[in-house]
Amino acid sequence: MATIGIAFGNSTSSIAFVREDGKVDVIADPDGDRFIDSALSYVGSKEYHGAQAIGQLIRNSDNTVVNFRDFIGVPFDKIDATYSEHSAMPINVDGKVGYEINGERITVDEIAKRHLKHIAKDAEDYLGEKIEGVVMTVPFDFTKEQKELLTKISGEAGLHVLQLIHEPSSALLAHLSAKEELLDDKVYVVADFGGVRSDAAVIAVRGGIFTVLSAEQTSKIGGSELDSALMDFCAKDFKKKFKTDATTTDRSYAKLHAACLISKKTLSNVESAPVSVDSLAGGLDYHTSINRMRFEVVARNVFSQMAAFVEDVIKKAGLETLDIDSVLLSGGSSNIPKIARNMEFIFPETTTIIAPSLDSKLQNPNELNCRGAALQASLISSFDADEIRQSQEPDVISTKQLSQPIGVKGANGEFITLLPKNTVYPIKKVISLEASADDVLVELYEGKRTVKETVEEPEKDEEDEEDEDDEEDEPDIIREVVYVPSKLLGQLALKGAGKGKKVDVIINIRKEGKVQLTARAGSAVAKGVIV
């Protein structure tokens, strides 16, 4: 019996499991696809799934269902069917979302169940054993009712859901586990740019505990908008050459979309890509090429909206870009180099942008969600149902956090952080410092956020000095967040520490908020409790 992780997306779904050696593998379907299209198509009584179903969009779009996950548990009158315009259109089935396939009315619940049955079979065929439990990813905006219905549908498909995990948290778990950085105290932005929606979250990691500071979702920007921008460019070019519209029928639309999708993915790796479609419209073939720069120009509005979307989620958390340590790009569209470059532009140099175009050794961003789910499944597989349920109760997950960092004042008056802002407590932390005198006064402070600005003059070469007519370059202003001692919380006098000796400062915050401070240097010990 095996446990797996599933990332069930609108565009694609992925499956992963943790091997005995602790490494995570992503499972491919029988066609060899690791990113399995979330699609079903019907020709007579025959059912096609994944890439085979997507292939049916060209000649059988009315009986091909795509982009249906977000319709689960949503009343028909509340859905946005924009991304179903060139496939089977949703219909009202007793107030629920459904589809009419070959004259039969099928609910979205049934479509999801059939899709997950294929996913379960692919996993079982690969592993050669029955699936015992699964951790599945969901977006932050899934309601309690949607989560309960998805769990029920999964059970009917033969998948016992151990836990549902939010997509940005799952992606970050996968990345930090691979890098062995789970215990590093940092603030991350996780931006998941998918096919038909984008999700972002600001997550503070403190001692391996994830705290979500803010989250945003939108169905207005994603890979589909980039596809549309490229398709519009090609359709205009086709019309200019042949005086024929290439988007008037579902068949020609599907052909052009498939070609542009391939070209978009190719441009993530090389500077130029062909766009080639036989018999696109009116029996006319279309062949052209597009370079990366042209693609970035035609899709510039979408790229700008993606950057603004990330800035919005940071503002929602009450932070600035200066407060972010790292930005993790996940989702299939995150392979595009322009997105990473835009992130580099809006964030300071001190912020690390984690993207495959900047580091080729990173995991595929489209695999992060399922990898994180698999790690979580491996972690909780030994827990019983009550333990898992109790771990998700409000009094467990809604833990108390520090509103300001806590630290000690250094010998030069600087603030030395012991516990960063958003640290969850109860917690115990130890830091080692060097004694500046034989007797040491340990002062515990709250930290106050300030922004330090450093003017960096541009370097001048000999030619600049000789040319008096040249305008002087503007100096760069480097901004960084610096915490300074603010409110004094308590003091300890440690006598006989010994100048230059190591002093261990131990802070222990209990559940009720009491703070125990201890300073130790050899046999010299001082303790105090702060309420």
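Residue indices follow the written sequence of each chain, beginning from 1 at its first position. Under the rules for a predicted model, residues below a pLDDT of 70 receive no local features and side-chain atom pairs below 80 are neither given nor counted, while totals for whole chains, interfaces and linings still include all residues. With hydrogens and water excluded, all non-hydrogen atoms of the structure serve as input to the side-chain values.

On a plain count of helices and strands, the chain comes out with 13 helices and 29 strands. Exposed residues in this analysis have more than 50% of their type's maximum accessible area, buried residues have under 20%, and partly exposed residues fall in between, with area computed by a 1.4 Å probe over protein chains only. The 531 residues of the chain split such that 46% are buried. For this analysis, residues touch if any pair of their heavy atoms sits within 4.5 Å. Long-range contacts, defined here as pairs at least 24 residues apart, represent 65% of the contacts in the chain between residues at least 6 apart. Accessible surface area values rest on a Shrake-Rupley calculation with a 1.4 Å probe, where residue burial reflects the displayed protein chains alone. Total accessible area on the chain is roughly 26,400 Å²; 46% of this is exposed by carbon and sulfur atoms. In DSSP terms, a helix is any run of H or I states spanning at least four residues, a strand is any run of E spanning at least two, and both are numbered starting from the N terminus.

Grouped together as the largest cluster of nonpolar side chains are 50 residues, with contacts concentrated most on Phe295, Ile314, Ile324, Leu329, Met343 and Phe347. A total of 8 residues in this core trace back to one element, the largest contributor, which is helix α8 (residues 300-316). Source of the domain bounds: an automatic or database domain assignment. When residues of this core are sorted by domain, at least three fall in each of domain 2 (182-221 + 301-359) and domain 3 (223-297). Each residue touching Phe295, except ones within four places of it in the same chain, is listed here: Leu226, Leu230, Lys264, Leu267, Ile290, Phe303 and Ile336. One finds Ile15, Leu127, Leu149 and Leu159 within the second-largest nonpolar core, a separate group that totals 41 residues. Within this scheme, the nonpolar core is defined by two criteria: the residues are buried Ala, Val, Leu, Ile, Met, Phe, Trp, Tyr or Cys, and they are joined through side-chain atoms within 4.5 Å.

Right, let's get into a negative patch on the surface. A cluster of acidic residues, Glu349, Glu456, Glu459 and Asp476, forms a negative patch on the protein surface. Here Glu459 shows up in the loop between β25 (440-456) and α13 (462-466). Any residue with relative accessible area above 30% and no salt bridge may belong to a patch, with like charges joined within 9 Å and the nonpolar Val, Leu, Ile, Met, Phe, Trp and Tyr side chains within 5 Å. Salt bridges are counted wherever a side-chain nitrogen of Lys or Arg sits within 4 Å of a carboxyl oxygen of Asp or Glu. Counted as positive: Lys and Arg. Counted as negative: Asp and Glu. His and the chain ends are not counted at all. Lysine's charge is taken at NZ, arginine's at CZ, aspartate's at CG and glutamate's at CD.

For helix α3 (residues 144-156), spanning 13 residues, the distance from its first C-alpha to its last is 19 Å, which sits close to the expected 18 Å at 1.5 Å a residue. For α3, the complete set of buried residues consists of Gln146, Leu149, Leu150, Ile153 and Ser154. Along the axis of α3, the buried positions cluster into a sector of 140 degrees, meaning they face one direction only. What points out from α3, more than 90 degrees from its buried face, is the exposed set Lys144 and Glu145. Those residues of α3 hidden inside the fold are in contact with β1 (2-8), α2 (108-127), β11 (131-138) and β12 (161-166). The span one expects for a helix is its residue count, reduced by one, times 1.5 Å. Regarding the arc, it is the one traced by the directions from the helix axis to the C-beta atoms.

Splitting the chain by domain gives domain 1 (2-159 + 373-392), domain 2 (182-221 + 301-359), domain 3 (223-297) and domain 4 (401-459 + 470-529). Taking only C-alpha atoms, the centre of domain 1 and the centre of domain 3 are 29 Å apart. Of the residues lining the interface, 8 residues belong to domain 1; the matching set on domain 3 comes to 7 residues. The term buried area denotes the loss of accessible surface (1.4 Å probe radius) that occurs when two parts are joined, taken as the sum for both partners. By the criterion of area lost to domain 3, the three top residues of domain 1 are Ile58, Tyr83 and His86, representing 76% of everything that side buries. Counting the contacts that link domain 1 with domain 3 gives 0 salt bridges.

Only strands that DSSP links by at least two bridges are regarded as paired with each other. Read across the open sheet, the 4 strands follow the order β22-β21-β25-β26; overall the sheet is antiparallel. Either end of the sheet is taken by a strand with one partner, and the two such strands are β22 (415-419) and β26 (476-494). Here the strands of the sheet are splayed against their neighbours by 45 degrees on average, with no regard to which way each runs. Taken together, the 3 bridges between strand β21 (residues 406-409) and β25 define a ladder with antiparallel strand orientation. Along β25, the bridge assignment pairs Ile406 with Glu446. To define axes, lines are fitted to C-alpha atoms, for helices over the stretch in contact only, and angles between the resulting N-to-C directions are given on a 0 to 180 degree scale.

On to the packing of α2 against α3. Contact geometry for α2 and α3: axes closest at 8 Å, N-to-C directions at 50 degrees. When the axis of α2 is compared with that of α3, the two are oblique. Read as a crossing pair, α2 and α3 show a hand that is right-handed. Mapping the contact onto sequence places Asp109, Ala112, Lys113, Leu116 and Lys117 in α2 and Leu149, Leu150, Ile153, Ser154 and Glu156 in α3. For the contact of α2 with α3, a count of residues per class yields 5 nonpolar, 1 polar and 4 charged. Angles are sorted into four bins: roughly parallel if under 35 degrees, roughly antiparallel if over 145, roughly perpendicular if 65 to 115, and oblique for all others. Definitions for this section: a left-handed crossing has its near helix turned counterclockwise from the far helix by less than a right angle. A right-handed crossing has that turn clockwise. Only Asp, Glu, Lys and Arg are considered charged, only Ala, Val, Leu, Ile, Met, Phe, Trp, Tyr, Cys and Pro nonpolar, and every remaining residue, Gly among them, polar.

Pairing between the strands of a sheet is mediated by backbone hydrogen bonds and can be parallel or antiparallel. The strand order across the open sheet built from 3 strands is β8-β9-β10, with neighbouring strands paired in antiparallel fashion. Two strands bound the open sheet, and with one partner strand each, they are β8 (91-93) and β10 (104-107). Sheet twist, expressed as the average angle between the axes of neighbouring strands with direction ignored, equals 50 degrees. With 4 bridges connecting them, strand β9 (residues 96-101) and β10 associate as antiparallel partners. Bridge assignment links Ile101 to a residue of β10, and that residue is Glu104. Sheet strands touched by α2: β9 and β10. Its angle to β10, the strand with the most contacts, is close to 75 degrees.

By the definition in use, this model includes 27 salt bridges. The shortest N-O distance in the salt bridge between Arg34 and Glu367 comes to 2.4 Å. Here the residue Arg34 occupies a position in the loop between β3 (24-27) and β4 (36-37), and Glu367 occupies one in the loop between β19 (352-354) and α10 (368-380), the gap between them amounting to 333 residues. On the basis of relative accessible area, Arg34 is assigned to the partly exposed category, the value being 34%.

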